[in-house]
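Coordinates in review
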Amino acid sequence: MTTLAGTPDRPVRGSAVLDAPLSRWLWLVKWVLLIPHYAVLFFLWIAFTVVSVIAFFGIVFTERYPRTLFDFNLGVLRWTWRVAYYSYGALGTDRYPPFSLGEEPDYPARLDIAYPERLSRGLVLVKWWLLTIPHYVVIGFFLGGWHLGWWDGGLVAVLAVIAAVTLTFTEKYPKGLFDLILGLNRWVLRVAAYAALMTDTYPPFRLDMGGTEPSESEVLS
C-alpha cells in the first residue's frame, strides 16, 4: 500500500486500491451490512460538528487548530471514506470497514490531511460557507445531497451501481469508471477538509482521476 504524505501545497490526499476479485452480488446487501456503521457515524458527525465549532474559535483566537481536535475530525473523515468506498460511494472493496478513527494502513481506502501549523483568522470566517459555494454546487451534483456518510445518490452512486451491474455480468469492474469515481470522491474529500477548517489551501476545480494521487508533473501537465 502506497503511503500518503500530505504537504502544505497539497494537504489533502486520498487514495484507494480496487480489490479483486469482487463478489458479483454482495453489493446488493451492503446497505444492510453497514447499518451498524451508519448508527455510529450519526453520532460521530454530531461530534464532528461540535468539534469544528470549537476549532473555529481556537483558530480565531490562536491561529491554530487544536491538534487533538484535528486528529479526531480527520478520524471521522477517514471512517466515512472507508464506509463510502465499501458501499455506494465506490463499491471498490468487499473488505468490511473497521470501526476505527485511526489510519488503518492495510485498508484499501486511505485519507491523509497534513496538519497546519497556522491557519488564517480571516479565512476561517468565510471559507466554510462563502468561499466554498461554487464547490457546494459542483459536489451537490456529485452526491445528490449532503447526508450521513455524504455519498447518497447523485452521480457518484449512479456510476458505482453501473460498475456493480457490469461486475455482475462480466466479473470485471471497469477501470475507466473506477478512475472517474475516485476522482469525484477525491474532489469531495478536498472540499470537506477545507469546509471543516482543516486547511487554508483552496480545493482545486480539478478532477484528479485514478486510485492514487497524481504526481506534481502530472498535475502541471
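Refer to the structure presented above.
One structure accompanies this document, and this report is about it.

Conventions and cut-offs
- Residues numbered from 1 in each chain as written.
- Predicted model: local features only at pLDDT ≥ 70, side-chain atom pairs only at ≥ 80, totals over all residues.
- Heavy atoms only, no water.
- Buried < 20%, exposed > 50% of the residue type's maximum accessible area, 1.4 Å probe, protein only.
- Helix = DSSP H or I, 4+ residues; strand = E, 2+ residues; numbered from the N terminus.
- Arc of directions from axis to C-beta.
- Contact = heavy atoms within 4.5 Å.

Notes on helix H5 (residues 133-143)
- Where H5 is concerned, the buried positions are His135, Ile139, Phe142 and Leu143. Within H5, the buried residues cover an arc of 75 degrees as seen down the axis, which keeps them to one side. Among the exposed residues of H5, those pointing more than 90 degrees away from its buried face are Val137 and Phe141.
- Next to the buried residues of H5 lie helix H6 (154-170) and helix H7 (175-195).
- Two residues or fewer past H5, Gly144 is found with a positive phi of approximately 80 degrees.

Remarks on unusual backbone geometry
- Residue Ala20 is joined to Pro21 through a cis peptide bond whose omega torsion reads 0 degrees.
- As for its position among the elements, Pro21 is in the loop between strand S1 (12-16) and helix H1 (30-33).
- In the Ramachandran plot, Glu104 falls in the positive-phi region, its phi being about 50 degrees despite a non-glycine side chain.
- One non-glycine residue, Glu171, lies in the positive phi region at around 65 degrees.
- Relative to the helices and strands, Glu171 resides in the loop between H6 and H7.

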